[in-house]
Amino acid sequence: MTTPARYAFPPGGMPDHSADPVGTAVFKTAYAVIPADTQRDIVTSFLPGWTDHRAWILARPMTGFAETFAQYAVELQPGGGSLTPESDPQAQAALFVAKGTLRLTIGAETHDLRAGSFAYLPAGAPWQLWNTGSDVAGFHWIRKAYVPVAGAMTPEPLVCHETDITPVGMPGAEDSWATQRFFDPLDTGYDFHINIVNFAPGGRIPFAETHVMEHGLYVLQGTARYLLNEDWVEVGPGDFMWLRAFCPQACVATGSEDFRYLLYKDVNRHVGLTL
């Protein structure tokens, strides 16, 4: 897997008004696909406490669907950002920079981020984020209410770059399917994981995964045929897939470059027994 890394982000803008409105967006009881070409100017939101920005809200908790997380793509103009980015004291955050340069301050510590940088912000941590460059910046933001557990240490803030994370090959597929895990999978302080999943052309998930974890998958690079429940869909850079628990899933990477996506899943907690 040697393709130079690229990180997709919503294109914005508007298609030509003569374009055929029939698209590839899908929303079903088990999954949704929000293609990059639907992530346009007129579907953005504006967030309280932020300046010179706009956000594509790609996932939000919905009863009977994916219930544990929200996922945004946020665009910041030069000088834009926030002193108070998070209004919910229970919300933890994972940030992944797709383009531009950002300055993240966590308490008294400051970090300069670039494309490929990752940050984890625990619930209640004081943080702020600003676009310090001369170009538009964009980052992916995953939010989840933290579920504490007795005996587990609450995670500390984490800042790194994806190149700091060694890909771990899947057994028997080391050269074609590897995962970069930003969190230690054995650390039960975390109640969700964020990974970058990498497939070489032709690499695949060789069975239909069916499990309790919900997923948000944002395609960073490359193309694939992806099994979602009973359907095979074609996905590419900037496409977002939203999977509820127990939705069967698999993929086969197509094209001539690596297929890579940013993956969310909820882990490491007992299943709640009340609805």
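As a starting point, this report considers the structure included with it. Here the structure is a predicted model, which means the values were calculated and not measured.

**Let's talk about the overall build of the chain**
Part 1 of the argument: For the chain, the helix and strand inventory stands at 0 helices and 20 strands.
Part 2 of the argument: Expected size for 275 residues packed as a compact globule is a radius of gyration near 19 Å; at 18 Å, the chain falls within 12% of this value.
Part 3 of the argument: Along the longest, intermediate and shortest principal axes, the C-alpha atoms of the chain span 55 × 45 × 40 Å.
Part 4 of the argument: Across the 275 residues in the chain, those meeting the buried criterion constitute 50%.
Part 5 of the argument: Sequence-distant contacts, at least 24 apart, represent 72% of the contacts inside the chain between residues at least 6 apart.
Part 6 of the argument: Accessible area of the chain: about 13,000 Å², with a carbon and sulfur share of 56%.
Part 7 of the argument: Of the side-chain charges in the chain, 17 are positive and 29 negative, and the distance between the mean point of each set is 2 Å.

**Looking at the packing of aromatic side chains**
Part 1 of the argument: Scanning the entire structure with this criterion turns up 25 aromatic pairs.
Part 2 of the argument: Measuring from ring centre to ring centre gives 4.2 Å for Phe-69 and Tyr-264, while their planes differ by 25°; the resulting arrangement is stacked. Note that Phe-69 is positioned in the loop between β3 (51-59) and β4 (70-82) and Tyr-264 in strand β20 (residues 259-266), a separation of 195 residues in sequence. With respect to burial, Phe-69 and Tyr-264 carry one shared label: buried.
Part 3 of the argument: Judged by centre distance (5.7 Å) and plane angle (90°), the ring pair of Phe-183 and Phe-192 falls under edge-to-face.
Part 4 of the argument: With a relative accessible area of 3%, Phe-183 lands in the buried category.
Part 5 of the argument: On the basis of relative accessible area, Phe-192 is assigned to the buried category, the value being 0%.
Part 6 of the argument: In this structure an aromatic cluster arises from ring pairing among Tyr-7, Phe-69, Phe-96, Phe-118, Tyr-120, Phe-182, Phe-183, Tyr-190, Phe-192 and Tyr-264.
Part 7 of the argument: The aromatic ring of Trp-141 is capped on one face by Arg-143, whose charged end is 5.9 Å from the ring centroid.
Part 8 of the argument: Its end group placed over the ring of Trp-232, Arg-225 keeps NZ or CZ at 4.5 Å from the ring centre.

Thresholds, definitions, all that
- Residues numbered from 1 in each chain as written.
- Predicted model: local features only at pLDDT ≥ 70, side-chain atom pairs only at ≥ 80, totals over all residues.
- Heavy atoms only, no water.
- Helix = DSSP H or I, 4+ residues; strand = E, 2+ residues; numbered from the N terminus.
- Rg over C-alpha atoms; globule rule 2.2 N^0.38 Å.
- Buried < 20%, exposed > 50% of the residue type's maximum accessible area, 1.4 Å probe, protein only.
- Contact = heavy atoms within 4.5 Å.
- Areas by Shrake-Rupley, 256 points an atom, 1.4 Å probe, with all protein chains shown as cover.
- Lys, Arg positive; Asp, Glu negative; His and termini not counted.
- Charge placed at Lys NZ, Arg CZ, Asp CG, Glu CD.
- Phe/Tyr/Trp six-rings, centres within 6.5 Å; stacked < 30°, edge-to-face > 60°.
- Lys NZ or Arg CZ within 6 Å of the ring centre and 35° of its normal.

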